[in-house]
Amino acid sequence: MTKVKGPLFSLAASGVFNGLMEFRTGGGKTVVHGIRSAPATRSAAQQAQSLRFATAVAGWKNLTVEDRQSWKDSAQNTGHNGYQLYLSEFATQNITPPDQPLIP
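What counts, and where the lines are drawn
- Residues numbered from 1 in each chain as written.
- Predicted model: local features only at pLDDT ≥ 70, side-chain atom pairs only at ≥ 80, totals over all residues.
- Heavy atoms only, no water.
- Helix = DSSP H or I, 4+ residues; strand = E, 2+ residues; numbered from the N terminus.
- Areas by Shrake-Rupley, 256 points an atom, 1.4 Å probe, with all protein chains shown as cover.
- Axes fitted to C-alpha atoms, helices over the stretch in contact; angles between N-to-C directions.
- Parallel < 35°, antiparallel > 145°, perpendicular 65-115°, else oblique.
- Left-handed = near helix turned anticlockwise from the far one by under 90°.
- Contact = heavy atoms within 4.5 Å.
- Nonpolar A, V, L, I, M, F, W, Y, C, P; charged D, E, K, R; others polar.
- Phe/Tyr/Trp six-rings, centres within 6.5 Å; stacked < 30°, edge-to-face > 60°.
- Buried < 20%, exposed > 50% of the residue type's maximum accessible area, 1.4 Å probe, protein only.

Undergrad: Can you walk me through the overall build of the chain in this structure?
TA: In terms of regular secondary structure, the chain is built from 3 helices and 3 strands. Its helices and strands in sequence order give the chain the pattern β-β-β-α-α-α, from N to C terminus. Taken as a whole, the chain presents about 7600 Å² of accessible surface, with 56% of it coming from carbon and sulfur.

Structural data, given as C-alpha cells:
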C-alpha cells in the first residue's frame, strides 16, 4: 500500500491515504480523487479490438526484412514509422489473416 508523502493537502502530497483518497500531482497541481480502480472485465468489443491489434502486430513480426524496409520507405514524410503505417493500414484496409495490407 502506498503511503502519502508530505503533509495532506500540501503541494508535496502524493499517494493513497487510508484507502479512501488518492493524491496525484500533475501539471504542477496536486489534486485529491477517489481511488481509481480498473474494470474487472472487458467488454466483447474491447476483447475483439485487442485481438485485432495483436493479429496486426503478429503480421508485422512475420514480414521479411525486405517487406519491413518497404513499409519504412513508404512511411517517409508521413509522420509515422513503418510499423505505425503497417498497423494503420491493417486497420484501414480491414485485413483478415493471412492477407497483408497493401502499401499505400
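Undergrad: So what exactly am I meant to see when it comes to the packing of helix α1 (residues 44–61) against helix α3 (residues 82–92) here?
TA: A pair of packed helices is captured by two measures, namely the crossing angle of their axes and the spacing between those axes. Where α1 contacts α3, the axes come no closer than 10 Å and their chain directions differ by 130°. Between α1 and α3, the angle falls in the class oblique. The handedness of the crossing between α1 and α3 is right-handed. Contacts between α1 and α3 pair R52, F53, T55, A56, V57, G59 and W60 from the former with G82, Y83, Y86, L87, F90 and A91 from the latter. Here the residues of the contact of α1 with α3 are counted per class, giving 9 nonpolar, 3 polar and 1 charged.

Undergrad: Got a minute to help me understand the packing of aromatic side chains in this structure?
TA: Centre distance and the angle of the planes are the two values used to describe a pair of aromatic rings. Per the stated rule, a full pass over the model turns up 4 aromatic pairs. The interplanar angle of 75° and the centroid separation of 5.7 Å between the aromatic rings of W60 and Y83 together place this pair among those described as edge-to-face. Pair noted here: W60 is in helix α1 and Y83 is in helix α3, with a separation of 23 residues, a long-range link. W60 gets classed as buried once you look at its relative accessible area, which sits at 8%. Using a relative accessible area of 29% as the deciding quantity, one classes Y83 as partly exposed. Summarising the aromatic geometry, the rings of W71 and Y86 are spaced 5.2 Å apart at their centres and angled 85° between planes, so their arrangement reads as edge-to-face. One end of the pair, W71, is in helix α2 (residues 65–74); the other, Y86, is in helix α3, with 15 residues separating them in the sequence. An aromatic cluster of three or more residues is present, and its members are W60, W71, Y83, Y86 and F90.

Undergrad: Honestly, the environment of H80 in this entry has me stumped. Any pointers?
TA: Within the secondary structure, H80 is located in the loop between α2 and α3. Overall, H80 belongs to the partly exposed group, its relative accessible area being 41%. Excluding residues within four positions of it along the chain, H80 makes contact with A75 and L85.

Undergrad: Even after reading the chapter, I still don't get α3, so can you show me in this structure?
TA: Because an α-helix completes one turn every 3.6 residues, residues spaced three or four positions apart along the sequence face the same direction. All of the buried residues in α3 are G82, L85, Y86, L87, E89 and F90. Looking one or two places after α3, you find N94, whose phi comes out positive at around 55°.

Undergrad: Can you help me understand unusual backbone geometry in this one?
TA: Backbone phi values are negative for most residues with the exception of glycine, while trans is the configuration of most peptide bonds. Omega for the peptide link from P97 to P98 comes to 10°, which places this bond in the cis form. As for its placement among the helices and strands, P98 is situated in the segment after α3. Residue N77 is not a glycine yet carries a positive backbone phi of 65°. Along the chain, the position of N77 falls in the loop between α2 and α3. Look at N77 and you get exposed, because its relative accessible area is 82%. Of note in this structure, N94 is not a glycine but carries a positive phi near 55°. Mapping N94 onto the fold places it in the segment after α3. Judged by its relative accessible area of 56%, N94 is exposed.

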